[in-house]
Every structure is written in structure tokens, then in C-alpha cells.
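Understanding the architecture of this molecule
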Amino acid sequence: MEEKPFLTLLCPEELEAVGRSLTQQWESGGFSIDLQVEKQSEILEKVESDRYEIALEVMAWPEPTLLLECAASDPTAPGREEAFIQLIEECRQELGQKAVKKKLVEAQAYLIGEMELVPLLSMPDEF
């Protein structure tokens, strides 16, 4: 019998239901998951010191562009290329919610394509 791939999933207490749901889905897909529910501060410490395989994190940004601007301004961020920085600059200059949302979606897609980041929740249609 073939051994299942084993992964450890760090999960903050406030996302335990999400962590359990992901664990069930991944185990049904052939993985063996060790779900570790911890305080967010403990998870951040492990992520910052690169002692993790998969970690759920709460990313509560009051303004959608803040996360993207942080990625654009960090010189060590993966995917920090001129095309991405230009998208962020275009977001700053746009007027009107629909136009800004379109640019934010483009920037988010670019960032996700370049980073080890998978959003589990997305912006609602009413931006």
C-alpha cells in the first residue's frame, strides 16, 4: 500500500472551522494532514522563521490596496516586477469603484501567480 503524502497545517484558532474543512478535503484527496490549531502570534513566529509547511493566516486589511502596496514596496517580495508596480500605480490613479476593482483584481491575480499565496476568500461584487 502506498504511503500518503504528509503535511502539517498551521491554523489560527479563529479559523479552526476552515482548517478542519481543508483537512477533510485534502485527506479525501490522498493526503495525510496534521492540523495544528494555535494562536495567530505562534503561527506568525513559525512563518517568519520558515518553520512551517502550510499556514492559514488572517489577513484583515482595512483597504484592499494595502496588501498589494506592501508587496509592491518590499524589495525582497517575489514577483516585484515593473508590471506589478505599474498595476498598483494605476490603482492609485483610477477614479470610480468599478475601474479600481478591475485593476485590483489584475494586481491580485499577478501577485498570486508569483507568490506562494492562495486566498480562500475573495472580495464581494459590491466593492
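Refer to the structure above for everything that follows.
Residues numbered from 1 in each chain as written. Predicted model: local features only at pLDDT ≥ 70, side-chain atom pairs only at ≥ 80, totals over all residues. Heavy atoms only, no water.

Quick look at the sheet that holds strand S1 (residues 6-12) now. The strand order across the open sheet built from three strands is S2-S1-S3, with neighbouring strands paired in parallel fashion. Lying at the two open borders of the sheet, with one neighbouring strand each, are strand S2 (32-38) and strand S3 (54-55). (Pairing = 2+ DSSP bridges. Helix = DSSP H or I, 4+ residues; strand = E, 2+ residues; numbered from the N terminus.)

Moving on, we get to the pattern of salt bridges. Across all of its chains, the model carries three salt bridges by this definition. Linking glutamate 45 and arginine 51 is a salt bridge whose minimum nitrogen-to-oxygen distance equals 3.5 Å. Overall, the relative accessible area of 51% leaves glutamate 45 in the exposed class. By relative accessible area, arginine 51 is classed as partly exposed at 47%. (Salt bridge = Lys/Arg side-chain N within 4 Å of Asp/Glu carboxyl O. Buried < 20%, exposed > 50% of the residue type's maximum accessible area, 1.4 Å probe, protein only.)

A separate point is the nonpolar core. Core analysis: the biggest nonpolar cluster contains six residues, these being Leu9, Cys11, Leu22, Ile33, Leu35 and Leu56. For this core, the secondary structure elements donating two or more residues are S1 and S2. Among the nonpolar cores identified, the runner-up in size contains five residues, and Phe84, Leu87, Ile88 and Ala107 belong to it. (Core = buried A, V, L, I, M, F, W, Y, C linked by side-chain atoms within 4.5 Å.)

Time to look at helix H1 (residues 16-28). With 13 residues, H1 extends 18 Å from end C-alpha to end C-alpha; this agrees with the ideal 18 Å at 1.5 Å per step. Buried residues of H1: Gly19, Leu22 and Thr23, and no others. Take H1 and look down its axis: the buried residues cluster within an arc of 105°, on one side only. Relative to its buried face, H1 has exposed residues pointing more than 90 degrees away, namely Ala17, Gln24 and Ser28. Packing partners of the buried residues in H1 comprise S1 and S2. One or two residues past the end of H1 sits glycine 30, with phi positive at roughly 105°. (Expected span 1.5 Å × (residues − 1). Arc of directions from axis to C-beta. Contact = heavy atoms within 4.5 Å.)

Remember, this is a structural readout, not a statement about activity or role.
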